[in-house]
Amino acid sequence: MPVSNSAILGEVHLRLLKIDALELPEHAWTARNVCDPFWRLYRNEDDGAFLSLPGRAPFPLHAGRVYLVPAGVFFSCSQSAPFRHFYLHFDVVGLPRLTLASLFDGPVELSTDPEFEARVSAISDIWEMNAQRWRAKAIAYEALARHIETVPSTLRARALGRA
């Protein structure tokens, strides 16, 4: 019996690993050839940070915007100016890696939504409280959903086993 998209997505869970906000002076964000088994959500208060991906143009992380970096993506970190950096590290549990790879083939800039961006900004200011950790997890779920909604329906159906 085929499993529906809603049943598959209903079994997806997120495990929050780390939340932090850092003031990074110039030349401090220099990790090279990063490839981790967890996801990242980024939001910076300032321009100047970017990701370098093999075979691609630099991927700028614009101030005030929200980004997802899927697990298993190789990248290096660079910056051209000091910036305030907020990040979440989390695991996506319940979807096969191949499914996720077909929906997320690299970093994603989420569509502009001032209300969503304001919620992300709010948790970056007071992230240490337990209630904020729950809000952070909700933000990560919403970020994944926002991107999946932008994936063409045929690709989404194929990735979720309904093609």
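Residues numbered from 1 in each chain as written. Predicted model: local features only at pLDDT ≥ 70, side-chain atom pairs only at ≥ 80, totals over all residues. Heavy atoms only, no water.

## Brief notes about the nonpolar core
And step 1. L41, L68, L88, F90 and F104 are the most contacted members of the largest nonpolar core, which totals 32 residues.
And step 2. Contributing elements (two or more residues each) for this core: β1 (13-24), β2 (39-44), β5 (66-69), β7 (83-93), α2 (97-103), α3 (114-125) and α4 (130-150).
And step 3. Considering every element that reaches this core, the biggest residue donor is α4, with 6 residues.
And step 4. Here L68 is in contact with R40, L41, F90, F104, G106, P107, V108, L110, A143 and L144, once residues within four sequence places are set aside.
And step 5. Of all hydrophobic cores here, the second largest spans 16 residues; its members include A49, L61, F75 and Y87. (Core = buried A, V, L, I, M, F, W, Y, C linked by side-chain atoms within 4.5 Å. Buried < 20%, exposed > 50% of the residue type's maximum accessible area, 1.4 Å probe, protein only. Helix = DSSP H or I, 4+ residues; strand = E, 2+ residues; numbered from the N terminus. Contact = heavy atoms within 4.5 Å.)

## Looking at the sheet that holds strand β3 (residues 49-52)
Hydrogen bonding along the main chain pairs the strands of a sheet, whether they run parallel or antiparallel.
And step 1. Overall, antiparallel pairing links the 3 strands, which are arranged β4-β3-β6 in an open sheet. Edge strands, defined here as strands with exactly one partner in the open sheet, are β4 (59-61) and β6 (76-79). Across this sheet, the average inter-strand angle for adjacent strands is 30 degrees, counted without regard to direction.
And step 2. Sheet topology note: the β3/β6 ladder contains 4 bridges and is antiparallel. Paired with A49 across the bridge in β6 is Q79. (Pairing = 2+ DSSP bridges. Axes fitted to C-alpha atoms, helices over the stretch in contact; angles between N-to-C directions.)

## Points about the confidence of the model for the protein
And step 1. A residue-level look at the protein finds 88% of positions with pLDDT of 70 or above and a mean pLDDT of 86.
And step 2. At the level of individual helices and strands, the protein shows its lowest average pLDDT in helix α1 (residues 5-10), which scores 50, and its highest in β4, which scores 97.
And step 3. Across residues 1-8, confidence stays below pLDDT 50; counting only partners more than four residues off in sequence or on other chains, it has 7 contacts. (pLDDT = per-residue confidence, 0-100.)

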